[in-house]
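# Understanding the architecture of this molecule
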Amino acid sequence: MPDVATLARELGSHKVLLDRADRLLYRYDAIAEGEVPLAVALPETTKDVVRLVRWAARAGVPLVPRGAASGLSGGAVPLVEAVVVAFTRMRELRIHPERRLAEVQPGVVTLEISRAAEPHGLYYPPDPASYRQSTIGGNLAENAGGPQCFKKGVTGDYVAELEWVDAAGEVHRARREAYDVAGLLVGSEGTLGLITRAWLRLEPRPRHTRTLMAYFPEVGAAAEAVSEAIARGVVAAKLEFMDQACVRAVEASFGLGLPTEAAAVLLVDTDGDDLEVVEEELELVAAACEAHGGTVRRAADAAEADRLWQARRAVSPALGRIHPHRMNEDIAVPRSRLPEVVRRIQELGEAYGLPLAQFGHIGDGNLHPNILYDPRETPEERVHELAHEIARVALAFGGVLSGEHGIGLTKRAFLAEALDAETLAALGRIKQALDPEGRLNPGKVLPG
Ligand SMILES: Cc1cc2nc3c(=O)[nH]c(=O)nc-3n(C[C@H](O)[C@H](O)[C@H](O)COP(=O)(O)OP(=O)(O)OC[C@H]3O[C@@H](n4cnc5c(N)ncnc54)[C@H](O)[C@@H]3O)c2cc1C
């Protein structure tokens, strides 16, 4: 048993939690429960992280990085006796308007970046629905997306430079140049290094935004409308999909006036500096929706648009309120295959006799089929079996296992079906090179 009291001496006792009651709180993320950590370290500076990693190397203790624990693949959950590294005290945030950059420590909450950039007419586009809660460290480690990802891209597209600490406790700076180590760390889910600072690109705020909601009598029709709008040349700022189960859950919780009789709803924003173009694009989307049997409602003003987007952000908590037990899947498929995929997944749910709720950043081909179940009636194995079938549908239609939530713990077992043996072995060699002792977030991403 490692002597964690020496860690408290190394970092200072106010930066280490040792009480069991405190430690218990750090065994979870938003989806999974793991082991109670040996200790929780709360570093405040990069130097603290270096001391901590060097202590862990000497003591032979694994480290599990953690942001806000809003992750949906079990990434921040300890699976072995480990020290959890909670980055929530590393919250320095500086805007460099002349360079259009935000310089942030990893514990900064995502939305705070855009708030800080606003007085300079700038913003940070990646916008996971969890942005009031998730940290930038977690976003980088998962390469988080959001409603704006179709037009604006995902977290990794905004990284100019990263500072990180390797498994031996050395500090590095990585730019987007030869070997693109920054790109390698993005999406590495805490298994290759600890991110301690990031320089992120900001963009000027578009002057105009227009919003519409379209509802459809059939789920596949909504996906077909998306493909058609894109084929008509529209690059919408946001393109989101919710099926009837999501709409009903949001209405039951928040009463925002969504059409509960519809089989599916699309929420679309167009934006830009030229109002005529923004409105023209919205009308192209409206026409594509109507061509596929959709009924279109344009938001009259910013307040109505806000209400509609609030509804979209409320989907996950609303589903959680009604169905405390659910498995949140996260796949991405080529957009052109979406109509078939949405229908196929719905049929699978029916065949298993398990209700599903599907939503997602459909413009990016990203879909979150949530399996809703009652553990008193359905054994967990059956739910896992359906989740596996959904992952197989994604692969069969040319997609990937994870659109944005990561492989973590929950998708690890499926990775061998998604990648060929040579690719898996190459990933293993990267892990081996950067973390030879396997001390960083063990049990995540790579299968056994
Ligand atoms: C209601 C809800 C809505 C969501 N919507 C979206 C969405 O729209 N898009 C999306 O992409 N995700 C979404 N998520 C998932 C989640 O919010 C994201 O994965 C987010 O990026 C996780 O951030 P976090 O700070 O909570 O990280 P955590 O859950 O704490 O950790 C996630 C991973 O990052 C690693 N990590 C954390 N900090 C560091 C660091 N400094 N260095 C190295 N590794 C680190 C952890 O080890 C873990 O593997 C949603 C979650 C919820 C609950």
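Predicted, not measured: the structure shown is a model, and the values here were computed from it. (Residues numbered from 1 in each chain as written. Predicted model: local features only at pLDDT ≥ 70, side-chain atom pairs only at ≥ 80, totals over all residues. Heavy atoms only, no water.)

For the chain, the assigned domains are domain 1 (5-86), domain 2 (93-204), domain 3 (208-317) and domain 4 (322-396). On the domain 3 side, the residues contacting the nine residues of domain 2 number 12 residues. Contact between domain 2 and domain 3 buries roughly 910 Å² in total, counting both sides, with carbon and sulfur atoms accounting for 58%. The largest share of the area that domain 2 buries against domain 3 comes from Pro-147, Phe-150 and Lys-151, three residues that together contribute 63% of it. (Domains from an automatic or database assignment. Contact = heavy atoms within 4.5 Å. Buried area = accessible area lost by both parts, 1.4 Å probe.)

This next bit is on the site of the ligand. The environment of the ligand is formed by 34 residues, the closest being Pro-65, Gly-67, Ser-70, Ser-130 and Thr-135. Glu-189 is positioned such that a nitrogen or oxygen atom in its backbone is 3.2 Å from an oxygen atom of the ligand. Counting only elements with at least two residues in the shell around the ligand, the list comes to strand 3 (63-66), helix 5 (136-142) and strand 10 (194-201). With five residues, the single largest contributor to the shell around the ligand is helix 5. Here the residues of the shell around the ligand sort into 13 nonpolar, 17 polar and four charged. Looking at which domains feed residues into the shell around the ligand, each of domain 1 (5-86) and domain 2 (93-204) gives three or more. (Near = heavy atom within 4 Å. Polar contact = N/O pair within 3.5 Å; in protein donor to acceptor, adjacent residues only side chain to side chain. Helix = DSSP H or I, 4+ residues; strand = E, 2+ residues; numbered from the N terminus. Nonpolar A, V, L, I, M, F, W, Y, C, P; charged D, E, K, R; others polar.)

With that settled, the discussion passes to the sheet that holds strand 8 (residues 159-165). Judged by pairing direction, the sheet is antiparallel, and its five strands sit side by side in the order 5-6-10-8-9 without closing on themselves. Single-partner strands in this sheet number two, and they are strand 5 (93-96) and strand 9 (171-175). Between one strand axis and the next, the sheet turns by 15 degrees as a mean value, whatever way the strands run. Two elements, strand 5 and strand 6 (residues 101-104), share four bridges in a ladder whose sense is antiparallel. Note that in strand 6 the partner of His-96 across the bridge is Leu-101. Against the sheet, helix 3 (residues 46-59) engages strand 8, strand 9 and strand 10, with an angle of about 45 degrees to strand 8. Of the strands in this sheet, strand 5, strand 6 and strand 10 touch helix 4 (residues 110-117), which is tilted by about 40 degrees from strand 5. (Pairing = 2+ DSSP bridges. Axes fitted to C-alpha atoms, helices over the stretch in contact; angles between N-to-C directions.)

Let us look at the packing of helix 8 (residues 219-231) against helix 10 (residues 275-291). Between helix 8 and helix 10, the shortest axis-to-axis distance is 8 Å and the interhelical angle comes to 140 degrees. With respect to each other, helix 8 and helix 10 are oriented oblique. Crossing hand, helix 8 versus helix 10: right-handed. Where helix 8 abuts helix 10, its residues Ala-225, Glu-228 and Ala-229 lie against Val-285, Ala-288, Cys-289 and Ala-291. (Parallel < 35°, antiparallel > 145°, perpendicular 65-115°, else oblique. Left-handed = near helix turned anticlockwise from the far one by under 90°.)

On to the packing of aromatic side chains. Applying the stated rule across the entire model yields one aromatic pair. Between Tyr-124 and Tyr-158, the ring centres sit 6.0 Å apart and the planes meet at 80 degrees, which makes this aromatic pair edge-to-face. Taken together, the positions of Tyr-124 in the loop between strand 7 (122-123) and helix 5 and Tyr-158 in the loop between helix 6 (149-152) and strand 8 put the pair 34 residues apart, joining distant regions of the chain. For the residue pair Tyr-124 and Tyr-158, the accessibility class agrees, reading buried in each case. The cationic tip of Lys-238 hangs over the ring face of Trp-309; the distance from NZ or CZ to the ring centre is 4.5 Å. (Phe/Tyr/Trp six-rings, centres within 6.5 Å; stacked < 30°, edge-to-face > 60°. Buried < 20%, exposed > 50% of the residue type's maximum accessible area, 1.4 Å probe, protein only. Lys NZ or Arg CZ within 6 Å of the ring centre and 35° of its normal.)

A few words now on the pairing of strand 14 (residues 264-272). Working note: regular strand, side chains alternate between the two faces of the sheet. Of all nine residues in strand 14, nine are buried, a share of seventy percent or more. Residues Ala-264, Leu-266, Val-268, Thr-270 and Gly-272 point to one face of strand 14 and Val-265, Leu-267, Asp-269 and Asp-271 to the other, with burial holding for every one of them. In terms of strand pairing, strand 12 (residues 208-216) meets strand 14 through nine bridges, oriented antiparallel. In the sheet register, Ala-214 faces strand 14, and the bridge partner there is Leu-266. As judged from the six bridges shared by strand 13 (residues 238-243) and strand 14, these two strands associate in the antiparallel manner. Bridging across to strand 14, Asp-243 finds its partner in Ala-264.

Another aspect to go through is a negative patch on the surface. Taken together, Asp-273, Asp-274, Glu-276 and Glu-280 make up a surface patch of like negative charges. Locating Asp-273 in the fold gives a position in the loop between strand 14 and helix 10. (Patch = residues over 30% accessible without salt bridge, like charges linked within 9 Å, V, L, I, M, F, W, Y side chains within 5 Å. Areas by Shrake-Rupley, 256 points an atom, 1.4 Å probe, with all protein chains shown as cover. Salt bridge = Lys/Arg side-chain N within 4 Å of Asp/Glu carboxyl O. Lys, Arg positive; Asp, Glu negative; His and termini not counted. Charge placed at Lys NZ, Arg CZ, Asp CG, Glu CD.)

Strands pair in a sheet through their backbones, by hydrogen bonds, and they do so in one of two ways: parallel or antiparallel. Read across the open sheet, the four strands follow the order 1-2-4-3; overall the sheet is mixed. A single partner strand is all that each edge strand has here, and the edge strands are strand 1 (16-17) and strand 3. By the bridge criterion, three bridges tie strand 2 (residues 39-41) to strand 4 (residues 83-86) in an arrangement that is parallel. Residue pairing across strands places Ala-41 opposite Val-85, the latter belonging to strand 4.

Along strand 3, one buried face is formed by Leu-63 and Pro-65 and the opposite face, lined by Val-64 and Arg-66, is buried too. The pairing of strand 3 with strand 4 spans four bridges and is parallel. Each bridged residue has a counterpart across the sheet, and for Val-64 the counterpart in strand 4 is Val-84.

Attention now goes to the environment of Ile-322. Position of Ile-322 relative to the elements: it lies in helix 12 (residues 315-322). You can call Ile-322 partly exposed: its relative accessible area is 38%. Measuring from C-alpha to C-alpha, the distance between Ile-322 and Ala-252 comes to 8.6 Å, with 70 residues separating the pair along the chain. Not counting residues up to four positions away in its chain, the partners in contact with Ile-322 are Ala-249 and Ala-252.

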